[in-house]
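Okay, here's what each chain looks like letter by letter:
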Amino acid sequence: MRIALVGPAHPYKGGGARHTTEVARHLAAAGHDVIIESWRAQYPSRLYPGQQTVDVPEGEPYPRTLRRLAWYRPDGWLAEGRRLRPADLVVFALLTPLQVPPYLAIMSRLGRGTGQHGPRTAVICHNVLPHERRPGDVALTRAVLRRADTVITHSAAQAAQARELAPGATVRTVTMPPHLPASLSQTQGTERAEVSALAPNPVPGPADALAPTRLLFFGIVRPYKGLDVLLRALAQAPAQVTLTVAGEFWGDSTKMDNLIAELGLAGRVTVRPGYVPADQIPALFGAADALVMPYRAATASQNALLAFAHGVPVITTTAGALAEPVLDGVDGLTCAPDDEKDLLRVLEEISDPEVVRRLRAGIPAVDPDQGWTDYLDVLLAG
């Protein structure tokens, strides 16, 4: 099949760009003729206060990636639709409603309904709707879901939301497969890597009762991710539990800085603001005893798999599909979302070095190719 993927790719950063690239790579490996139609300017910087692009790729870029789209060139959106008419399938990666106007413009010029056959269309919903919504988000998302031939979601809850927005749409659900940064994707096709090779932390023993328990909050800091809930729980947790916050802030960090000071956590919380390049991720996870994902709301995240690939247990809320990779009490601990007391319960549990040792021993191997066959089957289904 001739397939075009429309969405972010390097030099754009983050899970959406990695996912688009890995979809292209796996489709090409399956024998399809695949291009990525990406952006030279995805949206205005005032709408995204963080760092949009990176110089060093987070993974191997897909060689047939074109960057012809720009948010300020609607004529380019229409031209893209005309260029893609010969394709058999056009797949749109939907990460934000800001992408919907260009996607609708491209769809309008694909030749459907003009006496030509035109390509099928699919929309991959990373989030059906944003966790933090703007006026117009619902209407924009509804419009693009109604226009697509197939809507792909990554959880039952997201599928239900898509069907509610677009009752007539064909909605399919499939688990999002791994698309980890380059330092962890190099083991593809190999047998299970030894956890010790990826996680150099010493395994705590009974004599380490007062050893620090080093927690990591990783990724862009936004209100729905619940860092404030984590900080309030941490203030009540045993004093040896510490936290590193590593990632960009959505806006500035003033509120968090004030909360840390108010809770008396200055000596227990280390803030590492800014984007973390892929080559610095192993050392960051290597210095952690557990990754914490205290999200109030979520769809899915690769961070649990990222932690497992480094031999690090995961503490996560049960928001959305966030906890699906985690076996509670085996390779991580789960708690209710937006529940300070329940999060405190698991922080108290993880403060025991024996619990860290047990959870670390239960971490499964991470196969970068796991799930991709099923994913492509759902994507390509007519």
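If you're wondering where the values come from, they're calculated on a predicted model, not measured in any experiment.

Reading guide: rules and limits
- Residues numbered from 1 in each chain as written.
- Predicted model: local features only at pLDDT ≥ 70, side-chain atom pairs only at ≥ 80, totals over all residues.
- Heavy atoms only, no water.
- Salt bridge = Lys/Arg side-chain N within 4 Å of Asp/Glu carboxyl O.
- Helix = DSSP H or I, 4+ residues; strand = E, 2+ residues; numbered from the N terminus.
- Buried < 20%, exposed > 50% of the residue type's maximum accessible area, 1.4 Å probe, protein only.
- Polar contact = N/O pair within 3.5 Å; in protein donor to acceptor, adjacent residues only side chain to side chain.
- Contact = heavy atoms within 4.5 Å.
- pLDDT = per-residue confidence, 0-100.
- Axes fitted to C-alpha atoms, helices over the stretch in contact; angles between N-to-C directions.
- Parallel < 35°, antiparallel > 145°, perpendicular 65-115°, else oblique.
- Left-handed = near helix turned anticlockwise from the far one by under 90°.
- Nonpolar A, V, L, I, M, F, W, Y, C, P; charged D, E, K, R; others polar.
- Phe/Tyr/Trp six-rings, centres within 6.5 Å; stacked < 30°, edge-to-face > 60°.
- Lys NZ or Arg CZ within 6 Å of the ring centre and 35° of its normal.
- Pairing = 2+ DSSP bridges.
- Arc of directions from axis to C-beta.

**Student:** Now, about the pattern of salt bridges: what can you tell me, with residues and values included?
**Tutor:** The full count for this structure, using the stated rule, is 17 salt bridges. With its nearest N and O atoms 2.7 Å apart, the salt bridge here joins Glu248 to Lys13. You can see Glu248 sitting in the loop between β9 (241–247) and α9 (254–262) and its partner Lys13 sitting in the loop between β1 (2–6) and α1 (15–29), a full 235 residues away along the chain. Take Glu248 and Lys13: they sit in the same class, and that class is buried. With its nearest N and O atoms 2.4 Å apart, the salt bridge here joins Arg68 to Glu37. With a gap of 31 residues between them, Arg68 in strand β3 (residues 65–70) and Glu37 in strand β2 (residues 33–41) connect regions that are remote in the sequence. Using a relative accessible area of 33% as the deciding quantity, one classes Arg68 as partly exposed. Of the residues examined, Glu37 reaches a relative accessible area of 0% and is grouped as buried. Through salt bridges with shared partners, one network takes in Glu37, Arg68, Glu80 and Arg83.

**Student:** Please set out the side chain of Ser38 residue by residue, giving values where relevant.
**Tutor:** Along the chain, Ser38 falls in strand β2. For Ser38, the side chain forms a polar contact with the main-chain oxygen of Gly7, separated by 3.0 Å. Other than its neighbours up to four places away in sequence, Ser38 contacts Gly7, Pro8, Ala9, Thr65, Leu66, Arg67, Arg68 and Leu69.

**Student:** Could you give me a rundown of the confidence of the model for the chain, with the residues and numbers involved?
**Tutor:** Mean pLDDT over the chain: 89, with 91% of residues reaching 70 or higher. With pLDDT under 50 throughout, residues 184–204 is counted as low confidence; its partners more than four residues away or in other chains account for 37 contacts.

**Student:** Explain helix α8 (residues 227–234) residue by residue, including any values.
**Tutor:** Burial analysis of α8 places six of its eight residues in the buried class, which makes it a mostly covered element. Taken together, the buried positions of α8 are Leu227, Val229, Leu230, Leu231, Ala233 and Leu234. Of the surrounding elements, those touching the buried residues of α8 are β8 (213–218), β9, α9, β10 (269–273), β11 (290–293) and α12 (340–350).

**Student:** Can you break down the packing of helix α2 (residues 74–83) against helix α3 (residues 100–108) residue by residue, with the values?
**Tutor:** Two measures define how a pair of helices packs: the angle their axes make with one another and the distance between the axes. Contact pair α2 / α3: the axes reach a minimum separation of 7 Å and the direction vectors enclose 40°. When the axis of α2 is compared with that of α3, the two are oblique. Considering the relative orientation of α2 and α3, their crossing is right-handed. Contact residues: Trp77, Leu78, Glu80 and Gly81 in α2; Pro101, Pro102, Ala105, Ile106 and Ser108 in α3. In the contact of α2 with α3, the residues fall into six nonpolar, two polar and one charged.

**Student:** Let's hear about the packing of aromatic side chains: which residues, and what values?
**Tutor:** Per the counting criterion, the structure on display carries five aromatic pairs. Between the aromatic rings of Trp372 and Tyr375, the centroid separation amounts to 5.5 Å while the plane-to-plane angle is 65°, which identifies the pairing as edge-to-face. Linking Trp372 with Tyr375, this pair stays in helix α14 (residues 372–380), spanning three residues, or about one helical turn. In this structure, Arg222 is placed above the aromatic ring of Trp250, and the distance from its NZ or CZ to the ring centre is 3.7 Å.

**Student:** Can you break down the sheet that holds β8 residue by residue, with the values?
**Tutor:** Judged by pairing direction, the sheet is parallel, and its six strands sit side by side in the order β10-β9-β8-β11-β12-β13 without closing on themselves. Among the strands making up the open sheet, the edge pair consists of β10 and β13 (332–335). On average, each strand axis in the sheet is tilted by 20° relative to the strand beside it, whichever way the strands run.

**Student:** Give me the lowdown on unusual backbone geometry, citing residues and values where you can.
**Tutor:** A cis amide bond, omega 20°, links His10 with the succeeding residue Pro11. Structurally, Pro11 can be placed in the loop between β1 and α1. Located in the positive-phi region is Asp338, a residue other than glycine, with phi close to 55°. Mapped onto the fold, Asp338 is located in the loop between β13 and α12. Judged by relative accessible area, which is 47%, Asp338 ranks as partly exposed.

**Student:** Would you mind going over helix α5 (residues 156–165) in detail, with residue names and values included?
**Tutor:** Among all positions of α5, only Gln158, Ala159, Ala162 and Leu165 are buried. What you see down the axis of α5 is that its buried residues fit within an arc of 125°, all on one side. Exposed residues pointing more than 90 degrees away from the buried face of α5 are listed as Ala156, Ala157 and Glu164. Where α5 is buried, its residues contact α4 (137–147), β6 (150–153) and β7 (171–173).

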